[in-house]
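# Observations on chain architecture
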Protein chains: 2
Amino acid sequence: MLIRIDPASQAPLFEQVAASVRRALSDGELAKGHQLPPAREVATSLDINVHTVLRAYGLLRDEGLIELRRRRGAVVTGAADTRARLNTLAGELADEARRVGVDLDELTEIVKEKFA
Amino acid sequence: MLIRIDPASQAPLFEQVAASVRRALSDGELAKGHQLPPAREVATSLDINVHTVLRAYGLLRDEGLIELRRRRGAVVTGAADTRARLNTLAGELADEARRVGVDLDELTEIVKEKFA
DNA sequence: TTGTTTGTTCTAGTATAGTTAGAACAATGT
DNA sequence: ACATTGTTCTAACTATACTAGAACAAACAA
């Protein structure tokens, strides 16, 4: 199953679906030209609503990762962005930093240390 | 003003209040034994609801950062590790950056952008 | 003791986001 | 023509965040 959901996660379902695709892209599991399963199919197989999947697909389209066409479904267009996951992680890190009250200077310091 | 709110932020108010305190703690602006202003006072001064402030205080208590006692208010007890997740994320980010060949300068640039 | 401060608890209302549901529609490949 | 698949619309439910007001309980101070 290409797209996975973690019921325990507090992240919105549509975000999780989008994240699954992004990760598959950055992992090379999905590449330009590949097709995503139809929204209705994903929905039933994950036991979630079609609209939720379509919202995720719309998100990915807005990010330029896929193209949506009727009857043709969702096709990977954007050269598999190898940094999709990096961006996601950076976003999460920034969110968490803000949440616990760590400022930018300290945050970059932490990242620097981990990177070394 | 010890506790600050960013009205533009999409983060919940109670999280922002808690983050303010955590930041003050990690900055050394607050230390063990110090007192936080009474919830009612913070509420009126920030023009938010008392319950919102008390929720933030409760959160901090659950994290073991402060103690709450009637009449005595909120007292800083200890600085638990509120950064476990931050460290984990930073580690993953650094790993991924190395994996896709992003150097430290660029990585900090990305983080900076996300943090803004 | 009496009074005041401060957290605790309760009910309740509003607003918004996420999710589900169902339906009709539009393009498009077979 | 037909079936598939995204598009759009309305509607409703749920959970969370926030606000509001009130009563209560502990604890310090005068």
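This text goes with the structure placed above it.
Here is a short report on the structure shown in this document. Model, not experiment: these values are computed from the prediction.

Cut-offs applied
Residues numbered from 1 in each chain as written. Chains lettered and ligands numbered in written order. Predicted model: local features only at pLDDT ≥ 70, side-chain atom pairs only at ≥ 80, totals over all residues. Heavy atoms only, no water. Helix = DSSP H or I, 4+ residues; strand = E, 2+ residues; numbered from the N terminus. Buried < 20%, exposed > 50% of the residue type's maximum accessible area, 1.4 Å probe, protein only. Contact = heavy atoms within 4.5 Å. Areas by Shrake-Rupley, 256 points an atom, 1.4 Å probe, with all protein chains shown as cover. Lys, Arg positive; Asp, Glu negative; His and termini not counted. Charge placed at Lys NZ, Arg CZ, Asp CG, Glu CD. Near = heavy atom within 4 Å. Polar contact = N/O pair within 3.5 Å; in protein donor to acceptor, adjacent residues only side chain to side chain. Nonpolar A, V, L, I, M, F, W, Y, C, P; charged D, E, K, R; others polar. Buried area = accessible area lost by both parts, 1.4 Å probe. Salt bridge = Lys/Arg side-chain N within 4 Å of Asp/Glu carboxyl O. Pairing = 2+ DSSP bridges. Axes fitted to C-alpha atoms, helices over the stretch in contact; angles between N-to-C directions.

Moving on, we get to the overall build of chain A. Across its full length, chain A holds 5 helices and 3 strands. Overall size of chain A, expressed as C-alpha extent along the three principal axes, is 50 × 30 × 20 Å. Burial analysis of chain A (116 residues in total) assigns 40% to the buried set. At a minimum sequence separation of 6, the contacts of chain A that also span at least 24 residues come to 49%. For chain A, the accessible surface area stands at approximately 6,500 Å², while carbon and sulfur atoms represent 48% of it. Taken together, the 17 basic and 18 acidic charged side chains of chain A have centroids lying 9 Å from each other.

Lining the immediate environment of DNA strand D, one finds 22 residues, of which Arg40 of chain A together with Leu13, Phe14, His51 and Arg55 of chain B sit closest. Among atoms of DNA strand D positioned within 4 Å of the protein, sugar and phosphate together represent 60%. Taking His51 of chain B, its side chain carries an N or O atom lying 2.3 Å from a base oxygen of DNA strand D. Residues of the surface near DNA strand D, tallied by class, amount to 9 nonpolar, 5 polar and 8 charged.

Interface size is commonly expressed as the accessible surface area that is lost when the partners come together. Each partner contributes residues to the interface: chain B has 32 residues there, and chain A has 30 residues. Interface area for chain B against chain A, summed over the two sides, is near 3,300 Å², with a carbon-plus-sulfur share of 65%. When the area that chain B buries against chain A is broken down by residue, the three leading residues are Leu86, Lys114 and Phe115 of chain B, summing to 20%. Scanning the region where chain B abuts chain A turns up 1 salt bridge. Of the charged contacts, one joins Arg99 of chain A and Glu15 of chain B as a salt bridge, the two residues approaching to 3.5 Å between their closest N and O atoms. At the boundary of chain B with chain A, the tally comes to 5 residue pairs in polar contact (both at pLDDT 80 or more).

Counting through the fold element by element, Ser20 of chain A comes out in helix α1 (residues 13-27). Assessed through its relative accessible area of 13%, Ser20 of chain A is described here as buried.

All names here are of chain B. Spatial ordering of the open sheet is given by β1-β3-β2, a layout of 3 strands whose pairing is antiparallel. The open sheet has two edge strands with one neighbour each: β1 (35-36) and β2 (66-69). Strands in contact with helix α3 (residues 50-62) are β1, β2 and β3 (73-76); relative to β2, the strand with the most contacts, it is inclined by about 125°.

So, about the protein's contact with DNA strand C. In the vicinity of DNA strand C lie 23 residues, with Leu13, Asn49 and His51 of chain A together with Arg40 and Arg71 of chain B positioned nearest. Counting only the atoms of DNA strand C within 4 Å of the protein, the fraction contributed by sugar and phosphate is 56%. Arg70 of chain A is positioned with one of its side-chain polar atoms (N or O) 3.1 Å from a sugar or linking oxygen of DNA strand C. Looking at the surface near DNA strand C, the elements that each hand over two or more residues are α1 and α3 (50-62) of chain A together with α2 (39-46), α3, β2 and β3 of chain B. Residues of the surface near DNA strand C, tallied by class, amount to 9 nonpolar, 5 polar and 9 charged.

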